[in-house]
Amino acid sequence: MYRLLIVDDEKDICENVKYLLDWTEYGFTSIMTATSYTEAVNLAVDFQPHVALVDINLNAYWGYDLVNHLKSLGLKTVFCMISGFEDIQYLRRSMQAGSSDYLLKPINTAELRSFLERTVVNTLKGQLRRNDLQPQELDPVLKVPYNSLSKITNKIILVVKTDYHSSLSLTSIADSFQMSGKYIGRIFLKDTGMKFSDYLTAYRMLQAKQLILNTQEKILVIANMVGYMQLNHFYIHFKNYFGFSPSTLRSIEQPDSTEKEELP
């Protein structure tokens with residue numbers, strides 16, 4: 001129903017923004033990208049976007065100059081400036097040009113959702129398709145609903161849930177997504193407040209705890225099951241996370257257990 005234009009001189013950022021949200025929740029069924037001022041002008045005239053996310057710096061041009069020009073052509077587009085710089089001058093010029101909002105990179109999905117909700121309801125006079133009355137599943141590590149996180153972050157979490165027992169890194173995940181590791185790392189950190197490595201460790205620890213409590217497997221085997229080949233490494237992470245060792249947990253919950261510490 002609605003059309004979205006993303007303008008950034010970095011092509012990978014244009015593509016990555018597409019995966020930040022499920023845009024259909026807000027009624028966006030067509031998304032196009034432009035990586036230069038000239039391309040954006042030519043595309044916008046034909047595409048007539050309802051909303052445009054515009055980078056502040058477009059090489060030889062400024063994003064607010066693009067907004068000014070498109071408005072002078074009669075476009076009724078709602079503009080939101082995106083920038084890696086928290087600069088009051090950029091903000092002022094963006095507002096003067098007619099931008100409705102100003103978001104910092106990496107884009108905070110909660111702020112983006114807020115902008116979209118205001119725009120769809122108040123400006124475009126539409127209705128949101130999201131059903132917020134349905135029960136919301138919480139992430140076991142973050143304790144927040146998954147629908148409060150970006151699409152990219154949710155994809156990363158899904159990989160962790162599926163492959164936490166194997167060797168995982170943000171670089172390998174980024175390669176599988178055909179995205180920039182640094183970019184999705186910044187998105188994940190801004191979304192969750194945690195580095196990817198810390199989230200992976202926390203998820204592994206929670207899985208290990210459940211295995212210790214609910215199975216009779218040896219601690220060494222459980223360590224391997226959650227992705228640790230070195231038992232020392234597992235013990236250090238477990239004790240740092242919970243404040244007690246895996247064997248202590250088992251002895252408390254299963255008093256008859258005779259398993260000893262398996263460290264050298």
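Refer to the structure above for everything that follows.
What counts, and where the lines are drawn
Residues numbered from 1 in each chain as written. Predicted model: local features only at pLDDT ≥ 70, side-chain atom pairs only at ≥ 80, totals over all residues. Heavy atoms only, no water. Pairing = 2+ DSSP bridges. Helix = DSSP H or I, 4+ residues; strand = E, 2+ residues; numbered from the N terminus. Axes fitted to C-alpha atoms, helices over the stretch in contact; angles between N-to-C directions. Parallel < 35°, antiparallel > 145°, perpendicular 65-115°, else oblique. Contact = heavy atoms within 4.5 Å. Nonpolar A, V, L, I, M, F, W, Y, C, P; charged D, E, K, R; others polar. Buried < 20%, exposed > 50% of the residue type's maximum accessible area, 1.4 Å probe, protein only. Right-handed = clockwise from strand over helix to strand, strands pointing away. Salt bridge = Lys/Arg side-chain N within 4 Å of Asp/Glu carboxyl O. Expected span 1.5 Å × (residues − 1).

*Asks:* Would you mind showing me how to read the sheet that holds strand β2 (residues 28–34) here?
*Replies:* Within a beta sheet, neighbouring strands are joined by backbone hydrogen bonds and run either parallel or antiparallel to one another. The 5 strands lie next to each other as β2-β1-β3-β6-β7, forming an open sheet whose pairing is parallel. The open sheet has two edge strands with one neighbour each: β2 and β7 (101–104). Shown here is a sheet whose adjacent strand axes are inclined to one another by a mean of 20 degrees, direction ignored. In the sheet, strand β3 (residues 51–55) pairs with strand β6 (residues 78–83) via 5 bridges, with the strands oriented parallel. The partner of Leu53 across the bridge, within β6, is Cys80.

*Asks:* What is the right way to look at the packing of helix α9 (residues 196–214) against helix α11 (residues 231–242) in this model?
*Replies:* At a minimum axis distance of 10 Å, the contact between α9 and α11 shows a crossing angle of 95 degrees. Judged by the inter-axis angle, α9 sits roughly perpendicular to α11. Listed contacts from α11 to Thr201, Ala202, Met205, Leu206, Ala208, Lys209 and Ile212 of α9 are Phe234, His237, Phe238, Tyr241 and Phe242. When grouped by side-chain class, the residues that make up the contact of α9 with α11 number 9 nonpolar, 2 polar and 1 charged.

*Asks:* Teacher, can you tell me more about the pairing of β6 here?
*Replies:* Regular strands place side chains that alternate from one sheet face to the opposite one. Taken across its 6 residues, β6 has 6 buried, putting it largely inside the fold. Alignment of β6 against β7, held across 4 bridges, turns out to be parallel. Paired with Ser83 across the two strands is Leu104, which belongs to β7. Each parallel crossover has a hand, and for β6 linked through helix α4 (residues 88–97) to β7 it is right-handed.

*Asks:* It is not clear to me how unusual backbone geometry should be interpreted in this structure. Could you clarify?
*Replies:* With glycine set apart, most residues show a phi of negative sign, and most peptide bonds adopt trans. In this model, Lys105 is joined to Pro106 through a cis peptide bond whose omega is -10 degrees. In the Ramachandran plot, Lys143 falls in the positive-phi region, its phi being about 60 degrees despite a non-glycine side chain. Secondary-structure assignment places Lys143 in the loop between α5 (109–123) and α6 (151–163). Look at Lys143 and you get exposed, because its relative accessible area is 60%. Here the phi dihedral of Gln178 falls at roughly 60 degrees; this positive angle occurs in a residue that is not glycine.

*Asks:* Is there a simple way to think about the pattern of salt bridges in this case?
*Replies:* When the charged atoms of two side chains with opposite charge come close together, those side chains can pair. For the coordinates displayed, the defined rule picks out 5 salt bridges. With a closest N to O distance of 3.4 Å, Lys18 and Glu15 form a salt bridge. Relative accessible area serves as the criterion here: at 26%, Lys18 is assigned to the partly exposed category. Across the salt bridge formed by Arg113 and Glu25, the nearest N and O atoms sit 3.4 Å from each other. Of this pair, Arg113 sits in helix α5 while Glu25 sits in the loop between α1 (11–17) and β2; the two residues are 88 residues apart in sequence, bridging distant segments of the chain. The exposure class assigned to Arg113 is buried, which follows from its relative accessible area of 9%.

*Asks:* What am I meant to see in helix α8 (residues 181–192) here?
*Replies:* Note that an α-helix has 3.6 residues per turn; residues three or four places apart therefore point the same way. Look at α8: 16 Å from first C-alpha to last across 12 residues, which is about the 16 Å you get at 1.5 Å a residue. Taken together, the buried positions of α8 are occupied by Tyr183, Ile184, Gly185, Ile187, Phe188, Asp191 and Thr192. In this structure, the buried side of α8 is in contact with α1, α5, α6, α7 (170–177) and α9. Remark: Gly193 follows α8 within two positions and exhibits a positive phi of approximately 75 degrees.

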